[in-house]
Amino acid sequence: LIVQVVKFTSIGLIKTKYGFVGLAVEQKEFMVEGINEKGLAMAGLNFVGFASYPTLVDNQKSIPAYALISSILGACSCVPEAKTMLERICITNESFSNDLPSPHLHWIIADKSESITVESCADRLYIHKNPLGILTNNPPFNFKCYKTVIFAEEGSQRGSLSERLGYMLSINGF
């Protein structure tokens, strides 16, 4: 199934520029991961305790967190386009329904050339370069990177390559 028109509860009907496929939870509008026809992929992972969405700014286009993946995949062909779109919108905490509250997520967006991590925190929206191209649930991306640097400095000479890689992945929550 390639989606080309998406209906959201609050923002109405959106005609997409690109078709996409993905995995939805509860409702087809609430995608948790997917890829579009241009090869742009995106996934949302749990970010409970860290995710925070700002108050809507007048005259700024808003997209509920539950609709972000469908909106990006339907409108963007590559990571630079997604970054531009993210800089122009406000991600809101609007819930999908009374039974399905707003998700607390952070996102990974990737194409064949690059990968980024997007985190909406209390102080601002962070868009991190993600050279490893991986993301897990909590903690925040910068903490994972810090742990990786500590590992590289302190533990890079211990054990076999597979043991060091396993250790690095475990301290980063992978």
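Notes on the structure in this doc start here. The structure displayed is predicted, hence computed values, not measured ones. (Residues numbered from 1 in each chain as written. Predicted model: local features only at pLDDT ≥ 70, side-chain atom pairs only at ≥ 80, totals over all residues. Heavy atoms only, no water.)

The contact between helix α1 (residues 68-75) and helix α2 (residues 79-88) brings their axes to 10 Å, and the two run at 130°. The orientation of α1 relative to α2 falls into the category oblique. Where α1 crosses over α2, the handedness of that crossing is right-handed. Between α1 and α2, the residues in contact are Leu68, Ser71, Ile72 and Ala75 and Glu81, Ala82, Met85 and Leu86, respectively. (Axes fitted to C-alpha atoms, helices over the stretch in contact; angles between N-to-C directions. Helix = DSSP H or I, 4+ residues; strand = E, 2+ residues; numbered from the N terminus. Parallel < 35°, antiparallel > 145°, perpendicular 65-115°, else oblique. Left-handed = near helix turned anticlockwise from the far one by under 90°. Contact = heavy atoms within 4.5 Å.)

The next point concerns α1. Owing to its 3.6 residues per turn, the α-helix aligns residues three or four sequence positions apart on the same side. Counting buried residues along α1, seven of its eight residues qualify, which places the element largely inside the surrounding structure. By the burial criterion, the buried members of α1 are Leu68, Ile69, Ser70, Ser71, Ile72, Leu73 and Gly74. (Buried < 20%, exposed > 50% of the residue type's maximum accessible area, 1.4 Å probe, protein only.)

Each regular strand shows side chains that alternate between the opposite faces of the sheet. Residue alternation in strand β9 (residues 125-129) divides its side chains into a buried set, Tyr126 and His128, and an unburied set, Leu125, Ile127 and Lys129. As paired elements, strand β8 (residues 115-120) and β9 share five bridges and run antiparallel to each other. Residue pairing for β9: Ile116 is matched across the bridge by Lys129. Following β8, the chain reverses through four residues before pairing antiparallel with β9. (Pairing = 2+ DSSP bridges.)

Let us look at α2. Where α2 is concerned, the buried positions are Val79, Ala82, Met85 and Leu86. All buried residues of α2 fall inside an arc of 120° around its axis, so they share one side. α2 presents Glu87 and Arg88 as exposed residues on the side facing more than 90 degrees away from its buried surface. Buried residues along α2 sit against β5 (61-64), α1, β6 (89-92), β7 (105-110), β8 and β9. (Arc of directions from axis to C-beta.)

Met42, Leu68, Ile72, Leu86, Ile91, Trp107 and Ile109 are the most contacted members of the largest nonpolar core, which has 33 residues in total. Listed by contribution, the elements that provide at least two residues to this core are β3 (27-36), α1, α2, β6, β7 and β8. In terms of nonpolar packing, the next biggest core, distinct from the first, is built from five residues, Leu45, Ile108, Leu135 and Phe141 among them. (Core = buried A, V, L, I, M, F, W, Y, C linked by side-chain atoms within 4.5 Å.)

With that settled, the discussion passes to the pairing of β8. Of all six residues making up β8, six are buried, and the element is well covered by its neighbours. As judged from the four bridges shared by β7 and β8, these two strands associate in the antiparallel manner. Within β8, the position partnered with Trp107 by the bridge is Val118. Hairpin geometry of β7 and β8 is characterised by an intervening segment of four residues between the two adjacent antiparallel strands.

In short, shape yes, function no, at least from these values alone.
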